[in-house]
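An overview of the molecular structure
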Amino acid sequence: MANERPCQIEMIRHAPARPVVAFFRFLDAAGECVLAFPFRLQKRVTQFNEVMMDPSLTAQIDCADPEAQISVRVRPCGRRYHWGRKLHYFLNNFRRQRPPALPAPDPSRIVPFAAQGAAAPSATPLVSIVIPTRDRADLLAPAVETLFEKANWPALELVIVDNGSVEPETFALFERLRPRANIVILRRDEPFNFARLVNEGVRASHGDVIALLNNDVETDDPDWLAPLVAMAVDPRVGVVGVKLLYEEGTVQHAGIALGIRGLTAHAGAGRAADDPGPYAMLTTTRLVSAVTGACLLTRRDVFDKLSGFDERFVVEFNDVDYCLRAGAAGYAVVYAAAPALMHKEGSTRQARPLRTQEVLDRTFFMTRWGQALVDDPYYPPELTLQDESLTLATGPRDG
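Nothing here was measured: the structure is a model prediction, and the numbers come from that model.

Definitions and limits used
- Think of each chain on its own: its residues are numbered from 1, step by step along the sequence as written.
- Restriction of local features to residues with pLDDT of at least 70 applies here, the model being predicted, together with a cutoff of 80 or more for giving and counting side-chain atom pairs; totals for whole chains, interfaces and linings are based on all residues.
- Side-chain metrics rest on all non-hydrogen atoms present in the structure, leaving aside hydrogens and water.
- Here the aromatic set is Phe, Tyr and Trp, taking the six-membered ring for Trp, and pairing holds for ring centres within 6.5 Å; pairs whose planes are under 30 degrees apart are stacked, those over 60 apart are edge-to-face, and all others are tilted.
- We count a stretch as a helix when DSSP gives it H or I for four or more residues in a row; a strand needs E for two or more, and each element gets its number in order from the N terminus.
- Three exposure classes are used, based on accessible area relative to the maximum for each residue type with a 1.4 Å probe and protein chains only: buried under 20%, partly exposed in between, and exposed over 50%.
- Should any heavy atoms of two residues lie within 4.5 Å, those residues are counted as being in contact.
- Patches here are clusters of residues that have more than 30% relative accessible area and form no salt bridge, with a 9 Å joining cutoff for like charges and a 5 Å cutoff for nonpolar side chains (Val, Leu, Ile, Met, Phe, Trp, Tyr).
- Only the protein chains shown count as cover for residues, with accessible areas throughout obtained via the Shrake-Rupley method and a probe of 1.4 Å.
- Each reported salt bridge corresponds to a side-chain nitrogen of Lys or Arg within 4 Å of a carboxyl oxygen of Asp or Glu.
- Any pair of nitrogen or oxygen atoms within 3.5 Å is treated as a polar contact; in protein, a donor-acceptor pairing is required on top of that, and neighbouring residues in sequence qualify only through side-chain atoms on both sides.
- Any two strands with at least two DSSP-identified bridges between them are counted as paired.
- Note on definitions: angles span 0 to 180 degrees between N-to-C directions of axes, and those axes are lines fitted to C-alpha atoms, for helices only across the stretch in contact.
- By this rule the span expected of a helix is its residue count minus one, scaled by 1.5 Å.
- Remark: nonpolar core denotes a set of buried residues (Ala, Val, Leu, Ile, Met, Phe, Trp, Tyr, Cys) joined through side-chain atoms within 4.5 Å.

1. Considerations on the packing of aromatic side chains
Per the stated rule, a full pass over the model turns up 12 aromatic pairs. Aromatic pair F313 and F364: ring centres 4.6 Å apart, planes at 25°, arrangement stacked. Residue F313 is located in the loop between α6 (300-305) and α7 (318-328), and its partner F364 is located in helix α8 (residues 356-369); the two are separated by 51 residues in the primary sequence. You can call F313 buried: its relative accessible area is 0%. An aromatic cluster is defined as three or more aromatic residues linked by ring pairs; in this entry it consists of F24, F26, F37, F39 and F48.

Structure follows, in structure tokens:
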């Protein structure tokens, strides 16, 4: 934007008095989204100060609560604004203000879970591993080798959903795998839609238990399936996720918490692999609101009952939406603290604007599940919602 300047964004909540969540999109004159972010709002007016943007942008608000009546104003930060802020800070130094009331600790939100019985190779359901992929044979080959070929689970099949690979290395890998009777390779040359690729893979599979995996996950534990299948076949359970570690050994996923940064996040990401976290939540197999689709186990009857992944979530939140729908249907969503698999997703990502489809996915998610983001029943209220660090909140959860 050529006319970018420091601006003040005011979010005004007119009614009602309860917390609300919304997705704010700022559009240019051509109707293109140039800035988008989720937000949790409880105070009547919340300000973002000195945000670099064009004050001529218009705002669109997608709110989970249609009665919330939220409006947005964008004002340039002129000289009067800067002197007003200086006066505000000066006066606050001489005021005795009551410190904000922090949420009371609530360890009861960490709910351990144990499967009824255990799954053993002597009495195994057929497990169908489904991996969507496009090229990256350097990632897919070790994933197939460690999670499928070396897995200590005799009733196993693999479905690879190839979304338009073009590299010779990928085709060579497929030719090596294709003769296997328990391997299916689907070719889908179509625009990327992760949810559709998952659904296609599941339709081509035959197992009672479905293990959805990203092509950049691997393990050194041949018995990785047994504890996860034991939970997946428990009739109380709808979804099982697992601890995932970055290559350097820190936590990438230990369950997804709702409401962090106004949306969702991997609670505890970046901590050491053996760090238990508050209330040992990272090392306890427990109930959570959602888990990542990078490694997600579910039964076929649950998948069919929920009609699979919602294909309107093209890139993001299809896995979280599936978990929340499973929870709404009365099934438990479980984070398994062991075994730990490795996820080669980059531990750091360069900041970039959201792509158009990501904005659409987030807007749809916010509209459907925004009320659930107000308070995650499995995330202690005294922990921060500013990031996934699991540190104590420094103030009330008012956005």
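And the narrative resumes.
2. What to know about helix α5 (residues 225-232)
Summarising burial for α5: 6 of the 8 residues are buried, a large majority. Burial in α5 covers these residues: L225, L228, V229, A230, M231 and A232. Contacts made by the buried residues of α5 are with β7 (127-133), β8 (156-162), β10 (209-213), β12 (237-245), β17 (295-299) and β18 (332-343).

3. Re a nonpolar patch on the surface
A cluster of nonpolar side chains, L87, F90 and L91, forms an exposed patch at the surface whose accessible area comes to about 290 Å². Checked against the element boundaries, L91 lands in helix α1 (residues 79-92).

4. A short note on the side chain of T292
Inspection of the secondary structure puts T292 in the loop between β16 (286-287) and β17. Judged by relative accessible area, which is 9%, T292 ranks as buried. Within polar-contact distance, the side chain of T292 engages the backbone nitrogen of A294 at 3.1 Å. Setting aside its immediate chain neighbours within four residues, T292 contacts L244, H253, I256, H266 and D319.

5. Focus: unusual backbone geometry
In this structure, P16 follows A15 across a cis peptide bond, with omega equal to -5°. Along the chain, P16 turns up in the loop between β1 (5-13) and β2 (20-27). Here the amide bond leading from A338 into P339 is cis, since omega sits at 0°, within 30 degrees of zero. Take P339: it is sitting in strand β18. Located in the positive-phi region is E50, a residue other than glycine, with phi close to 55°.

6. Examining the sheet that holds β1
With antiparallel pairing, the 3 strands of this open sheet are ordered in space as β4-β1-β6. For this open sheet the edge positions go to β4 (45-53) and β6 (70-76), each flanked by a neighbour on one side alone. Within the sheet, the average angular offset between the axes of one strand and its neighbour, ignoring direction, is 20°. Taken together, the 7 bridges between β1 and β6 define a ladder with antiparallel strand orientation. Note on β6: the bridge partner recorded for M11 is V72.

7. With respect to α8
Its 14 residues give α8 an end-to-end C-alpha distance of 20 Å, which sits within 8% of 20 Å, the value for a rise of 1.5 Å per residue. By the burial criterion, the buried members of α8 are E358, V359, D361, R362, T363, F365, M366 and W369. On its buried side, α8 packs onto β2, β3 (33-41), β5 (58-63), β15 (264-266) and α7.

8. Topic: the nonpolar core
Membership of the largest hydrophobic core comes to 59 residues, with the highest contact counts inside it found for L212, V239, F309, Y322, F365 and Y379. Grouped together as the second largest cluster of nonpolar side chains are 43 residues, L158, L173, A211 and A332 included.

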